Amino acid sequence: MLDNLTSVKVSGGWHKQYSHSASSTHCKMRFAVFLPPGASQTNKVPVLYWLSGLTCTDENFMQKAGAFKKAAELGIAIVAPDTSPRGENVPDEDSYDFGQGAGFYVNATQAPYNTHYNMYDYVVNELPALIEQHFPVSDKKAISGHSMGGHGALMIALRNPNSYTSASAFSPITNPMACPWGEKAFSHYLGNDKATWAQYDTCQLMQQAQASDFVPMRVDQGEADNFLVEQLKTENLFQQVNEKDYPAQINMHAGYDHSYFFISSFIDEHLLFHQQYLLD
């Protein structure tokens, strides 16, 4: 059952927030959806799923990215889930980069996190089924995200190449096995087995990808991003893309940082990138 929390008209379409009881995360989850003008049961539209970064909720992208006007023009719905399970019974830590707000889009295997922290299953299976059941959308979907969510978007597309027409990311954590954010999250959620970690690492997954399963990708990265060297490891993604001849366009931008000022500057280009595959 969906509970409609808010409903606001924007760019000729509608932005709505909902909550529901999620079976994968065993708690109430919230998500936001933008429906472009003309979306109806007789005119179902494709969907772009947006995954946000550390400390964020569904609201960050929807309120700051400035995506509605172009999405309305192109006839693309946008769905933004939360970044983790939440609630009094959900284990949390006093840390911005782990616990609630920092689910890392994995299925946790370690107690006490494995009951609720199953964001991979939620994003890949439960949420799309819910969206396609209750909203006027088709089964054509793309995926995008920022930072931790960029990691999630690229990783999920690589693991599910037949489910997404395309993938994109702003400032993604490209090689979480090799950066402090990823090492902390993976060790707590997944334990010490590095083979399990590799299942959620974009660089590792790209290394193993077969040409028949390639998913078109676009990545934009600011050169003034304070997290670029230590956390994001974009150079490692460059190496994998070049070695595999993977269809991924990586754009570096002088002067831009890690913020939504950067995302809002190039979100239209990402929507246009996805349009060519979603509406093909």
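A brief structural summary. Residue numbers run consecutively from 1 along every chain, following the written order of its sequence. Reporting in this predicted model follows two pLDDT cut-offs: at least 70 for local features of residues, and 80 or more for side-chain atom pairs to be given and counted; totals over whole chains, interfaces and linings ignore these cut-offs and use all residues. The side-chain numbers reported here are obtained from all heavy atoms of the structure, hydrogens and water having been left aside.

Let us look at the pairing of strand S5 (residues 77–81). Using a 1.4 Å probe on the protein chains alone, a residue whose accessible area is under 20% of its type maximum counts as buried, one over 50% counts as exposed, and one in between counts as partly exposed. Helix and strand assignments follow DSSP, with helices taken as H or I runs no shorter than four residues and strands as E runs no shorter than two, numbered in order from the N terminus. Among the five residues that make up S5, five are buried, leaving the element largely enclosed by the rest of the structure. Pairing between strands is defined by DSSP: at least two bridges between them are needed. Direction of pairing for strand S3 (residues 27–35) relative to S5: antiparallel, over a ladder of four bridges. Paired with Val-33 across the bridge in S5 is Val-79. Strand direction decides the pairing type here: strand S4 (residues 45–51) and S5, joined by three bridges, are parallel.

Mapped onto the fold, His-15 is located in strand S2 (residues 13–22). Contacts of His-15, omitting those with residues within four sequence positions, involve Thr-6, Ser-7, Val-8, Val-10, Ala-32, Val-33, Phe-34, Met-62 and Phe-68. Two residues qualify as a contact provided that any one of their heavy atoms is within 4.5 Å of a heavy atom in the partner residue.

The strand order across the open sheet formed by nine strands is S1-S2-S3-S5-S4-S6-S7-S8-S9, and the pairing between neighbours is mixed. Edge positions in the sheet fall to strand S1 (3–10) and strand S9 (248–253), since each has one partner strand and no second. Adjacent strand axes in the sheet meet at a mean angle of 20° when their direction is disregarded. One ladder, built from nine bridges, connects S2 with S3; its direction is antiparallel. Bridge pairing in S3 links Lys-16 to Val-33. Lying on the sheet, helix H4 (residues 148–159) is in contact with S4, strand S6 (137–146), strand S7 (167–170) and strand S8 (217–222); it crosses S6 at an angle near 135°. A fitted line through C-alpha atoms represents every axis, and for helices the fit uses only the stretch in contact; the resulting angles, taken between N-to-C directions, go from 0 to 180 degrees.

What follows is about the pattern of salt bridges. Salt bridge criterion: a side-chain nitrogen from Lys or Arg within 4 Å of a carboxyl oxygen from Asp or Glu. Under the criterion given, the structure shown has seven salt bridges. Measuring nitrogen to oxygen at the nearest pair gives 3.2 Å for the salt bridge that ties Lys-28 to Asp-3. Separated by 25 residues along the polypeptide, Lys-28 in strand S3 and Asp-3 in strand S1 bring together distant segments of the chain. Take Lys-28: its relative accessible area is 48%, and that puts it in the partly exposed class.

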